[in-house]
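One letter stands for each residue in the lines below.
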Amino acid sequence: MERKLLFVYNPKAGKAQVRNRLADILDIFAQEGYEITVAPTQKRDDARAVVAGRRKDYELIVCSGGDGTLDEVVTGMIQSGLRTPIGYIPAGSTNDFGGSISLPKNMVRAARIAVRGSDFPCDIGTFRYDDVDDVFVYIAAFGLFTDVSYETGQEMKNVLGHMAYLLEGVKSLSSIRSFPMKVSWEGNEVEDDFIFGMVTNSLSVGGFKNITGRNVKLDDGLFEVTLIRMPKSPIELSNIMISLLNRSIDTNAMYCFRTAELTFESKEAVAWTLDGENGGSHTKVTIRNVCKGMDIRVKPLPE
């Protein structure tokens, strides 16, 4: 009996390059003896729905798209209650998570890893608000440009896509909104006005490596947390951005720590993004690390 593989892909991700390699990808799956079910997505939430409602006999799920597509697939897997290994063929514009687990940008090579690689138990996150538990793979963030419209196309999926603009110098702070928030974790508590915050399990964000911290491990049960306070001048803001990119922490301008769980509270609803997708606006969220919560296919370790 042939093994069954569910292939979910976003035909619009990145520059729609998956369409040009689709035959090659399916051929690789077939060579490994899989009976393939192909599910192209048409709109947001399609990937989550098809994975959540899949049959039990699929022994592998492979998805191709940006980090948002992977987010939906992992969410669907969690909601189904069935733990199935996930292969990932990055096809988005940034692919932070794919880079974090050393997946190649070449889609054919990534497809081979998806069916021939080793399973890596990787941490994921839950994002709880109003008795609802959402799921994210590598980042939950608020502030700066994370509250832009999510209907403007793939180019807006990059969480920190405007970082380069900030580095060139901000003419005025009036366009930057701050968020008065209380943040609690492991017996600690801070209250401040923040312009940006991110809770991550990734080696890069927005294509910038090391921005999340040094010696990051994706299976240690801990998030890397970065909270940036409201700067007093455009020069201070530029210095903060440079410090963040170099990961030379300015303790007067930002909080950086590791934790398995934390809670954000605010009087006004704050807009969040989860893996580059709209996470909604909330006054209280609790974020928890699910240690080794999913199995993702990676390159086999050399013997």
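None of the values given here were measured: they were computed from a predicted structure.

A. The arrangement of the side chain of S204 in detail. Relative to the elements of secondary structure, S204 occurs in strand β10 (residues 204-205). Classification of S204 by relative accessible area gives buried; the value is 8%. At 2.9 Å, the side chain of S204 and the side chain of D96 are in polar contact. With residues up to four places along the chain from it excluded, the contact list for S204 reads D96, S100, Y138, K209, I211 and T212.

B. Quick peek at the pattern of salt bridges. One pass over the full model with this rule turns up 17 salt bridges. For E59, the salt bridge is made with R3, and the minimal N-O distance between the two is 3.5 Å. Taken as a pair, E59 in strand β3 (residues 58-65) and R3 in strand β1 (residues 3-9) lie far apart in primary sequence, 56 residues in all. For R21, the salt bridge is made with D24, and the minimal N-O distance between the two is 3.2 Å. Linking R21 with D24, this pair stays in helix α1 (residues 18-31), spanning 3 residues, or about one helical turn. Since its relative accessible area comes to 31%, R21 is described here as partly exposed. One connected set of salt bridges, linked through shared partners, spans K4, E35, R55 and D57.

C. Spotlight on the nonpolar core. By size, the foremost hydrophobic cluster in this structure holds 44 residues, and its most contacted members are L70, V74, I86, F97, I228, M294 and I296. Excluding its chain neighbours within four sequence positions, the residues that come into contact with I296 are L70, I86, Y88, F97, I101, S118, D119, F120 and C122. Counting residues in hydrophobic clusters, the runner-up holds 23 residues, among them V183, V199, F223 and L227.

D. Representation of the environment of G81 within the structure. Inspection of the secondary structure puts G81 in the loop between α3 (67-80) and β4 (86-90). Here G81 falls in the exposed class, since its relative accessible area comes to 65%. Distance in space between the C-alpha atoms of G81 and A52 is 8.4 Å, their sequence separation being 29 residues.

E. Expanded view of unusual backbone geometry. The backbone phi angle of D130 is positive, close to 45°, even though this residue is not glycine. Looking at the secondary structure, you find D130 in the loop between β5 (118-129) and β6 (132-136). The phi torsion at E186 lies on the positive side, around 45°, for a residue other than glycine. With respect to the helices and strands, the residue E186 is situated in the loop between β8 (179-185) and β9 (188-200).

F. Here's a closer look at the packing of aromatic side chains. One pass over the full model with this rule turns up 12 aromatic pairs. Aromatic pair F97 and Y138: ring centres 6.5 Å apart, planes at 35°, arrangement tilted. Linking F97 in helix α4 (residues 96-100) with Y138 in the loop between β6 and β7 (139-143), this pair joins segments that are 41 residues apart in sequence. Overall, the relative accessible area of 0% leaves F97 in the buried class. Grouped by ring-pair contacts, the aromatic residues F127, Y129, F142, F179, F264 and W272 constitute a single cluster. Geometry around Y34 places R3 over its ring, the cationic atom sitting 4.2 Å from the centre.

G. Up close: the pairing of strand β15 (residues 277-298). Sheet topology places β5 next to β15; 10 bridges connect them, and they run antiparallel. Its bridge partner being in β15, F127 is matched across the sheet by I287. Pairing of strand β14 (residues 261-274) with β15, which is carried by 10 bridges, proceeds in the antiparallel orientation. Note on β15: the bridge partner recorded for A271 is S281. Counting the residues in the hairpin turn of β14 and β15 gives 2 residues, including D275, whose phi is positive at 55°.

Scoring rules and cut-offs
- Along each chain, residue indices are assigned from 1 in the same order as the chain's sequence is written.
- For a predicted model such as this one, the threshold for reporting local features is a pLDDT of at least 70, and the threshold for listing and counting side-chain atom pairs is 80 or more; totals across whole chains, interfaces and linings nevertheless cover every residue.
- Here the side-chain values reflect all heavy atoms present in the structure, with hydrogen atoms and water set aside.
- Under the DSSP-based scheme used, a helix requires at least four consecutive residues in state H or I and a strand at least two consecutive residues in state E, with every element numbered from the N terminus.
- Burial classes: relative accessible area under 20% of the type maximum marks a residue as buried, over 50% as exposed, and values in between as partly exposed (1.4 Å probe, protein chains only).
- In protein, a polar contact means a hydrogen-donor-capable atom and an acceptor-capable atom, both N or O and within 3.5 Å, with residues adjacent in sequence counting only if both atoms are side-chain atoms; elsewhere, any N or O pair within 3.5 Å suffices.
- Contact definition: two residues touch when any of their heavy atoms are within 4.5 Å.
- Salt bridges are defined as contacts in which a side-chain nitrogen from Lys or Arg sits within 4 Å of a carboxyl oxygen from Asp or Glu.
- Definition of nonpolar core: a set of buried residues of the types Ala, Val, Leu, Ile, Met, Phe, Trp, Tyr and Cys, connected through side-chain atoms within 4.5 Å.
- Here is the rule: rings of Phe, Tyr and Trp (six-membered ring for Trp) pair when centre to centre is within 6.5 Å. Planes less than 30 degrees apart are stacked, more than 60 are edge-to-face, and the remainder are tilted.
- Remark: a charge is flagged as sitting over a ring if the NZ atom of Lys or the CZ atom of Arg is within 6 Å of the ring centre and within 35 degrees of the ring normal.
- For two strands to be treated as a pair, DSSP must find no fewer than two bridges joining them.

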